[in-house]
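# Structure at a glance
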Amino acid sequence: MRKLVIAGNWKMYNTISQAQDLIGGLLKNGTDMRKVDVVVAPPFTALRAVYDATAQSTIQVAAQNLHWAESGAFTGEISAMMAKEAGCKWVIIGHSERRQLFGETDDQINKKTVAAMAAGLKPILCVGETLQEREAGRTFEVLFRQLEGGLLGVGSDAAAKITIAYEPVWAIGTGKTATHEQAQEAHAKIREKLSLMFGAQTADKMRILYGGSVKPSNALELLSCPDVDGALVGGASLKAQDFLDIIEAGVKAGKV
Ligand code: PGA
C-alpha cells in the first residue's frame with residue numbers, strides 16, 4: 001500500500017514570519033498527521049525557519065526547485081546539498097510554472113532529478129498538459145514525453161523513491177479541477193507508463209499525486225481514486241484550516 005503524500009507548494013508566498021505563523025496554525029489543533037506524509041514547500045528564504053518550526057512534528061520540508069550542479073557560478077540558484085542543509089527532505093522539480101515561465105526543459109528537469117537523488121532528496125517530479133494539448137487529444141503523448149525525459153537514465157531502484165505529480169496546467173490556480181474520473185484516468189496511464197519504464201513492481205510503489213485547484217471540498221473525492229496517492233496543493237495550502245482539512249481528507253481516504 002502506498003502512503004499518501006499531502007504536499008503544500010507555497011510558491012512565492014510567505015515571509016519568514018508569515019511562514020512561522022502558518023506552521024503555528026497547522027500544529028495548533030492537534031490533527032494527527034502520522035498516517036500521511038505531510039510536506040510543505042516554502043520559498044528558499046523560509047526553509048530553515050520552517051524546518052525549525054516543524055522539528056517536533058512529522059511535517060517535512062521541500063524546496064521548490066534546485067540547480068543540478070554541486071556549486072558554481074550560477075547566480076540566483078541553489079544546489080541540492082544547500083537545500084538539504086537547510087532542512088529539506090524533498091524537492092519539487094519541473095513545476096509547470098518553472099516550465100512555462102522560466103523555460104525549463106525536460107533535459108534540465110532530468111539533471112535536477114538526478115542531482116536531487118544523488119544528494120538524498122526525494123524528488124516530486126511534476127508533469128501535466130496544457131488545455132490546448134488536452135483539446136488536441138495529446139494529453140498522454142505529452143505526459144509520456146515528460147516522464148521519459150525527466151526520468152532518463154534513472155534505474156528501477158531509484159525510481160521507486162520518486163514521486164510524480166500530475167498537474168494539468170489548465171487546473172492550476174484556475175479553480176478548475178480535473179474531475180476525479182479525469183484524474184484517475186491520467187494517473188492510471190502514468191502508472192502504466194512507469195510500469196513499462198521500470199517494471200510493474202516499481203510502478204506499484206511509486207506515488208502519483210494530483211495537483212490543480214485541490215481544496216477541502218474536492219480533496220476526498222480525488223484522494224479516494226485508486227491511483228491518486230496524494231495531492232500537491234497550491235492556493236489552499238496557504239490557509240492553515242484548508243490545508244488541515246485536506247490532510248484530514250487524506251487520512252480518511254487512507255490507503256495505509
Ligand atoms: P493550485 O496550485 O492548488 O493553486 O491550483 C497547485 C500547484 O501549482 O502545485
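Heads up: these notes are all about the structure in this document.

Criteria and thresholds
Residues numbered from 1 in each chain as written. Predicted model: local features only at pLDDT ≥ 70, side-chain atom pairs only at ≥ 80, totals over all residues. Heavy atoms only, no water. Near = heavy atom within 4 Å. Polar contact = N/O pair within 3.5 Å; in protein donor to acceptor, adjacent residues only side chain to side chain. Nonpolar A, V, L, I, M, F, W, Y, C, P; charged D, E, K, R; others polar. Helix = DSSP H or I, 4+ residues; strand = E, 2+ residues; numbered from the N terminus. Expected span 1.5 Å × (residues − 1). Buried < 20%, exposed > 50% of the residue type's maximum accessible area, 1.4 Å probe, protein only. Arc of directions from axis to C-beta. Contact = heavy atoms within 4.5 Å. Salt bridge = Lys/Arg side-chain N within 4 Å of Asp/Glu carboxyl O.

With that settled, consider the site of the ligand. As a structural note, the neighbourhood of the ligand is formed by 13 residues, with Lys-11, His-95, Glu-167, Gly-173 and Ser-213 the closest of them. Within the backbone of Gly-173, a nitrogen or oxygen atom sits 2.7 Å from an oxygen atom of the ligand. Note that an oxygen atom of the ligand is positioned 2.8 Å from one of the backbone N or O atoms of Gly-235. Each residue belonging to the shell around the ligand can be placed in one class, and the counts come to four nonpolar, seven polar and two charged.

Time to look at helix 1 (residues 16-28). The α-helix advances 3.6 residues per turn, and as a result positions three or four apart in sequence lie on the same side. The end-to-end C-alpha distance of helix 1, which contains 13 residues, comes to 18 Å, matching closely the 18 Å that a straight helix rising 1.5 Å per residue would cover. Those residues of helix 1 not exposed but buried are Ala-19, Leu-22, Ile-23, Gly-25 and Leu-26. Here the buried residues of helix 1 occupy an arc of 155 degrees about the axis, which is enough to place them on one side. The exposed residues of helix 1 that point more than 90 degrees off its buried face are Asp-21 and Lys-28. Here the buried face of helix 1 lies against strand 2 (37-41), helix 2 (47-53) and helix 12 (240-253). Two residues or fewer after helix 1 comes Gly-30, characterised by a positive phi angle close to 70 degrees.

Under the definition given, this model contains 19 salt bridges. Across the salt bridge formed by Arg-2 and Asp-229, the nearest N and O atoms sit 2.9 Å from each other. Of this pair, Arg-2 sits in the segment before strand 1 (5-9) while Asp-229 sits in the loop between helix 11 (216-223) and strand 8 (230-233), placing them 227 residues apart in sequence. For the pair Arg-2 and Asp-229, one class covers both residues: buried. Between Lys-112 and Glu-104 there is a salt bridge whose closest N-O contact spans 2.8 Å. When salt bridges that share partners are traced, they join Arg-2, Arg-191, Asp-204, Asp-227 and Asp-229 into one network.

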